[in-house]
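# Remarks on the overall topology
Here is how the chains run, residue by residue.
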Amino acid sequence: MTYCGRFAPSPSGRLHQGSLVAGYAALLRCLNHQGRFIVRIEDLDFPRCPSTNTPVILTELALLGIKSPLSPVIQSCQLDDYHEVMNSLTDNGTAYFCECTRALMKQRPCPCHEQLVQEKLRTADADHLAIRIELKECLKHYPSFKDNNLGMVSQCDLGHELASSLVLRRADGIIAYNLAVVVDDHNEGISEVVRGADMLDATFLQLCLYDIMGWTAPEFFHVPLITDPQGNKLSKQNKAPAVLSTMAPHQAFIHTCRLLGQQCDENCMNKAKYLDETFIRAGLITLEIISRAAAAANAAAAASAASAEAARCSDQGHSRSRHARNAAAPDLSCQPGSTRHTALTSTVLGLGLLLTPQLSPARGFGHGQSHGQAPATSAAPTTAACHGQRAVPGLDYYSDKGEVLTEFMLPDSGIDVSMLVHALSDGGADGAGMAAVAEVAREYAHGMDDLIFHMACAFNVAAMPHSAIVI
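The shown structure was predicted, so the numbers you read here are calculated from the model rather than taken from an experiment.

Before going further, it helps to spend a moment on the overall build of the chain. What the chain contains, in helices and strands, is 13 helices and 18 strands. A burial count over the chain gives 49% of its 471 residues as buried. When the accessible surface of the chain is summed, it comes to about 22,100 Å², and 52% of that surface belongs to carbon and sulfur atoms.

Here it is in structure tokens:
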């Protein structure tokens with residue numbers, strides 16, 4: 001049987017270190033098995049996952065080398081698959097409509113599965129009711145399961161009792177996570193699910209769904225959670241920082257491998273050193289392009305302002321030449337409070353413009369709408385200032401609202417680099433300059449692929465941590 005793995009982030013925010021631990025573990029495990037890898041975006045919780053987040057996540061994944069030769073799977077484009085399975089479960093009476101709120105279910109058992117109640121609910125407006133399935137009896141058949149990283153995991157290890165019923169569709173019409181994941185993993189032929197240990201509860205529930213549907217369940221490989229020193233899980237809800245706001249992609253990969261207990265040999269570090277040099281080279285070329293664009297924009301704006309001032313003075317009967325000589329140029333510097341900086345009003349992740357084929361400097365981020373479909377375009381998100389070891393004096397750029405658009409970081413010593421973010425306006429860079437950056441960016445992308453493949457060949461499951469990783 002061919003190994004098939006996947007990484008399935010939800011686009012509720014940018015990728016953080018906890019995301020990368022699960023994502024790189026899944027990718028390395030799959031490459032180590034010479035298997036097929038799928039990227040899936042789990043965006044069914046529409047209030048938490050606006051569609052504008054999806055292209056951002058796909059771009060960051062491409063930057064980090066977490067990618068697949070297949071088009072990404074977008075759950076919101078596969079609603080028919082989930083409804084088909086859910087309808088079959090309600091039609092045969094396995095699942096039932098439920099009108100109980102969470103508050104009511106805490107006060108008394110849910111009576112909705114009883115036949116008379118179901119007959120009444122089915123004649124009502126069932127589209128506004130939740131759909132549930134009973135798992136109490138099925139859970140008794142799964143007191144434990146074998147995890148390929150943690151060993152045997154039992155329900156007793158969880159420290160709490162699992163819910164006896166499971167929501168398949170919420171009352172607001174949103175398909176529940178557990179149903180969608182089981183349907184997708186089955187349809188995509190996933191042989192092993194690699195994910196964070198916060199999903200251990202869900203594994204027992206999903207094993208029951210596989211059983212009920214008559215499908216063969218995949219194997220599971222759970223990675224310990226990343227926590228802070230106080231034991232709090234690193235998550236988007238806890239406002240974990242975006243990885244690419246603090247580290248270059250190759251640095252994030254090396255750091256994550258170390259968290260996963262993997263050893264970086266001399267060959268690995270040489271590849272990382274090459275990526276450091278390539279990253280800096282791309283940054284320096286970009287700086288030159290931006291400097292030229294900024295200088296041209298400032299010169300044009302200053303000339304326009306001087307001309308306007310001279311015309312105003314002429315209308316007032318003053319000497320045109322005298323006032324033109326004495327008129328002060330407007331403040332167009334790249335400092336907080338400057339009136340304008342037309343060349344630097346749009347920001348995107350630095351190499352993101354060039355490492356993914358869906359991107360263009362003028363249009364921003366794009367993404368595939370569904371498995372195998374052509375990409376669409378979307379507006380580029382604004383990137384906050386990055387923080388590194390040392391900002392190069394004079395290379396901090398600000399918007400006309402005074403917010404920092406970019407900080408270009410170069411190392412204090414050696415070749416270590418934190419994060420490069422560059423700003424480009426529509427048409428703000430010349431074609432020759434962009435071609436030079438594109439060439440270096442391609443080198444960087446190939447270097448990332450080479451580094452990841454090298455680590456995958458040496459991936460050591462025995463070295464994986466089994467308890468929470470504190471950072």
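Turning next to the sheet that holds strand S5 (residues 130-134). A sheet is described by the order of its strands in space; here three strands give the open sequence S4-S5-S8, paired in antiparallel fashion. Bordering the open sheet on either side are strand S4 (95-98) and strand S8 (165-169), each of which pairs with just one other strand. Neighbour-to-neighbour, the strand axes of the sheet open up by a mean angle of 40 degrees, direction not taken into account. In terms of strand pairing, S4 meets S5 through four bridges, oriented antiparallel. Bridge pairing in S5 links Phe 97 to Ile 131.

Further remarks concern unusual backbone geometry. Of note in this structure, Gln 34 is not a glycine but carries a positive phi near 55 degrees. Relative to the helices and strands, Gln 34 resides in the loop between helix H1 (17-32) and strand S2 (36-41).

Remark: H1 packs on helix H9 (residues 249-259), axes separated minimally by 10 Å, with the N-to-C direction vectors making an angle of 80 degrees. The angle between H1 and H9 places the two elements in the roughly perpendicular class. In contact with Gln 17, Leu 20, Val 21, Tyr 24 and Leu 28 of H1, H9 contributes Pro 249, Ala 252, Phe 253, His 255, Thr 256, Cys 257 and Leu 259. Among the residues making up the contact of H1 with H9, the classes are represented as nine nonpolar, three polar and no charged.

On to H9. Among the 11 residues that make up H9, nine are buried, leaving the element largely enclosed by the rest of the structure. Those residues of H9 not exposed but buried are Pro 249, His 250, Gln 251, Ala 252, Phe 253, Ile 254, Thr 256, Cys 257 and Leu 259.

This part takes up the environment of Trp 215. Counting through the fold element by element, Trp 215 comes out in the loop between helix H8 (200-213) and strand S10 (219-223). Sequence spacing of Trp 215 and Val 183 is 32 residues, and the spatial spacing of their C-alpha atoms is 9.7 Å. Apart from residues no more than four positions distant in its own chain, Trp 215 is found in contact with Val 85, Val 182, Val 183, His 186 and Tyr 210.

Looking now at the nonpolar core. In this structure, Tyr 24, Leu 28, Phe 37, Leu 64, Ile 66, Val 223 and Phe 253 are the most contacted members of the largest nonpolar core, which totals 52 residues. The element contributing the most residues to this core is H1, with nine residues. Beyond its immediate sequence surroundings of up to four residues, Phe 253 is in contact with Tyr 24, Leu 28, Leu 451, Ile 452 and Met 455. Core analysis: the next-biggest nonpolar cluster, separate from the first, contains 40 residues, Val 85, Ala 95, Ile 175 and Leu 209 among them.

Taken in spatial order, the three strands make up an open sheet running S1-S2-S3, and their pairing is parallel. This sheet does not close on itself; its edge strands, each paired only once, are strand S1 (4-7) and strand S3 (73-74). Pairing of S2 with S3, which is carried by two bridges, proceeds in the parallel orientation. Each residue of the ladder has a partner; that of Arg 40, found in S3, is Val 73. Contacting S1 and S2, H1 crosses the sheet at an angle of about 160 degrees to S1.

Attention shifts here to the packing of aromatic side chains. Scanning the entire structure with this criterion turns up three aromatic pairs. Consider the rings of Phe 145 and Phe 204, whose centres lie 5.2 Å apart with planes at 75 degrees: the pair is edge-to-face. In this pair, Phe 145 sits in strand S6 (residues 144-147) while Phe 204 sits in helix H8, placing the two residues 59 residues apart along the sequence. Each member of the aromatic cluster is reached from another via a ring pair, and the members are Phe 145, Phe 204 and Phe 220.

With that out of the way, let us pick up the pattern of salt bridges. Tallying each qualifying case throughout the model produces 14 salt bridges. The closest approach of N and O atoms between Asp 185 and Arg 6, which form a salt bridge, is 2.9 Å. Of this pair, Asp 185 sits in helix H7 (residues 177-187) while Arg 6 sits in strand S1, and the two are 179 residues apart along the sequence. Across the pair, Arg 6 and Asp 185 agree in class, each one buried. In this structure, the salt-bridge partner of Arg 40 is Asp 184, at a minimum N-O distance of 3.6 Å.

About the criteria used
Residues numbered from 1 in each chain as written. Predicted model: local features only at pLDDT ≥ 70, side-chain atom pairs only at ≥ 80, totals over all residues. Heavy atoms only, no water. Helix = DSSP H or I, 4+ residues; strand = E, 2+ residues; numbered from the N terminus. Buried < 20%, exposed > 50% of the residue type's maximum accessible area, 1.4 Å probe, protein only. Areas by Shrake-Rupley, 256 points an atom, 1.4 Å probe, with all protein chains shown as cover. Pairing = 2+ DSSP bridges. Axes fitted to C-alpha atoms, helices over the stretch in contact; angles between N-to-C directions. Parallel < 35°, antiparallel > 145°, perpendicular 65-115°, else oblique. Contact = heavy atoms within 4.5 Å. Nonpolar A, V, L, I, M, F, W, Y, C, P; charged D, E, K, R; others polar. Core = buried A, V, L, I, M, F, W, Y, C linked by side-chain atoms within 4.5 Å. Phe/Tyr/Trp six-rings, centres within 6.5 Å; stacked < 30°, edge-to-face > 60°. Salt bridge = Lys/Arg side-chain N within 4 Å of Asp/Glu carboxyl O.

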